[in-house]
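Take a look at the letters that make up each chain.
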Amino acid sequence: MTLDLSPDSGARDAGPPVPVPAVGLAERLRGGVSFRRDQLGFLQWAARTHGDIVRFRLFGIPMIMLNHPDHIYRVLVEQRTKYDKDALLYRLVRPVLRDGLIGNPGGELWQRQRRLMQPSFRPVIVAKFAENMTDETTAMLERWERQYAPGAVVNVHEEFGELALRIVNRSLFSARVGRAARDFAEAFTEANALLGRFFKFPFPPLTVPTPAHRRLRRAIDRMDAFVASFVQRRTADPGDEVDLLTLLMNAVDEDGDGRGMEPEQLHHEVLNLVVGAYETTTNALSWIFYLLAAHPEVERKLHEEADAVLGGRVPRFEDMARTPYARSVVEETLRLYSPAWQFMRRARTEDRIGGFHIPARSNIYLNSYVLHRHPQLWDDPESFDPGRFSPERSAGRPRHAYMPFGGGERICIGQHFALTELHLVLLTLVRRHRFRLPPGQPPVRPQPLITLHPEGGVPLEVHPR
Ligand code: HEM
């Protein structure tokens, strides 16, 4: 389907391709929005003033932002062999993620690894981890009941960080969170902030030992030490645990050379999974409860659904199919505040998108924060309205209008895991508690780091129902 979402889109398929419209310096100065000072504001302004395809420079490197579902479909699906992930953003995060799935530029190694790992992330396998999710949430609630008076203000962002880490550790390594996991979380936060800063200001190559680079190196070493401790222990003594690590260690490439992963590759993949799972789900949970606290009418509907289906008991995997409103609260949160809010591709050869010329080696910038607020795709885009994900209102929406997990063959491998975790944690918490914004609390602003982070955390009053 070709939507005509802007005067520049769709209609240019005949004739020679034309250059992508560019944000000029003079215009930027006039418009007064700078990428460095206000990344989200700049991107929204660029899309508003130039339409669904626009070029701008980042450190002098041209970026082409696509904001039209057809164009995104072309890059991620239809012409995917013309694009890879050897783009600026991934070059930046590669020292952390190395050859693991997230940062891997693409090609044979990525294909082999994805083939090996995909079976471990099917919904039927994820269902086996559902109990980890609800057990850990129940334990957190019991601790809250001991630690906080009714109505106390809790920084739920910190709590959800620990919860997400507990869930991923238990599912990957059958391990309970301890000091080592907190050390991982601290190191990750440091790396995320440093890389987010590098993305805004030109930086010398990582081989130059600046203080920031030395801090990044130390953060990577700490994350490596965390992963190595589990992988080495399990390699020395496989034991009889059945978790994601066992599945990955036993996976063989049946459609390829019949072999499993080399130890170093296994280490990188495990690190990519912890990194991929930890902060994204932490941020998503924080945004879910922030939005619920600010919208008691949504919370009320959610309580009605949860009470009718669960009658007060802890939810199970099967309950997800019977609680569609909870699912739509998750989906709508991921529309407004998708944690993996920006990603990139690099054009391997030249291409033509919607009649525009895409030079070889261009960085293609995909951004769900702007796309998910496209006024021609979403009614009243800034409002929090889970009902827009009902089957009736979703009918006819272009597939790549919504992409919190990306799209095409590189779609998030953990999306079922993430959706299950968000849905079950939500149901477990709203059974017995409600959340309110503390009086006078200023709005929580999204901070665009590598992930979309709630700036300053999310303090909420937690009341027993
Ligand atoms: C709300 C939570 C999550 C969000 C919003 C999210 C989002 C994304 C997005 C947008 C991508 C694609 C990036 C691109 O195409 O360049 C991606 C890839 C990936 N994610 Fe997630 N993710 C989430 C949770 C998880 C979890 C729980 C795991 C692991 C258990 C995970 C592991 C990965 C991996 C390994 C990739 C790379 C896949 C590949 O390229 O083959 N993610 N994620």
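The rules behind each value
- Residues numbered from 1 in each chain as written.
- Predicted model: local features only at pLDDT ≥ 70, side-chain atom pairs only at ≥ 80, totals over all residues.
- Heavy atoms only, no water.
- UniProt positions renumbered as here; feature names shortened; annotations may be inferred.
- Near = heavy atom within 4 Å.
- Polar contact = N/O pair within 3.5 Å; in protein donor to acceptor, adjacent residues only side chain to side chain.
- Helix = DSSP H or I, 4+ residues; strand = E, 2+ residues; numbered from the N terminus.
- Nonpolar A, V, L, I, M, F, W, Y, C, P; charged D, E, K, R; others polar.
- Pairing = 2+ DSSP bridges.
- Phe/Tyr/Trp six-rings, centres within 6.5 Å; stacked < 30°, edge-to-face > 60°.
- Buried < 20%, exposed > 50% of the residue type's maximum accessible area, 1.4 Å probe, protein only.

- As recorded by an unreviewed UniProt entry, the protein carries the name Cytochrome P450 and is attributed to Streptomyces xinghaiensis.
- The protein has a UniProt comment under Cofactor (unreviewed entry) that states "heme".

## Digging into the site of the ligand
Phase 1 of the analysis: Close contacts around the ligand come from 24 residues, with Y90, W110, R114, R345 and C412 the closest.
Phase 2 of the analysis: Separating an oxygen atom of the ligand from a side-chain N or O atom of Y90 is a distance of 2.4 Å.
Phase 3 of the analysis: A distance of 3.4 Å separates a nitrogen atom of the ligand from a polar backbone atom of G276.
Phase 4 of the analysis: Broken down by secondary-structure element, the contributors of at least two residues to the shell around the ligand are helix 5 (108–117), helix 12 (263–294), strand 6 (342–347) and helix 17 (415–430).
Phase 5 of the analysis: Considering every element that reaches the shell around the ligand, the biggest residue donor is helix 12, with four residues.
Phase 6 of the analysis: Partitioned by chemical class, the residues of the shell around the ligand number 16 nonpolar, four polar and four charged.

## Considering the sheet that holds strand 7 (residues 351–353)
Adjacent strands of a sheet pair through backbone hydrogen bonds, lying either parallel or antiparallel.
Phase 1 of the analysis: If you trace the three strands from one edge of the open sheet to the other, you get 1-8-7, paired in mixed fashion. Lying at the two open borders of the sheet, with one neighbouring strand each, are strand 1 (18–19) and strand 7.
Phase 2 of the analysis: Inspection of the sheet shows strand 1 paired to strand 8 (residues 356–358) by two bridges, in the parallel sense. The partner of V18 across the bridge, within strand 8, is F356.

## Re the packing of aromatic side chains
Phase 1 of the analysis: What the rule picks out here adds up to 20 aromatic pairs.
Phase 2 of the analysis: Where F42 meets W45, the ring centres are 5.9 Å apart and the plane angle is 50°; that geometry is what we call tilted. Taken as a pair, F42 and W45 lie in helix 2 (residues 39–50) at a separation of three residues, close to a single helical turn.
Phase 3 of the analysis: Using a relative accessible area of 1% as the deciding quantity, one classes F42 as buried.
Phase 4 of the analysis: Relative to F435, the ring of W144 has its centre 6.5 Å away and its plane inclined at 75°; by these criteria the two rings are edge-to-face. Of this pair, W144 sits in helix 7 (residues 130–147) while F435 sits in strand 10 (residues 433–436), and the two are 291 residues apart along the sequence.
Phase 5 of the analysis: By relative accessible area, which is 3% here, W144 ends up buried.

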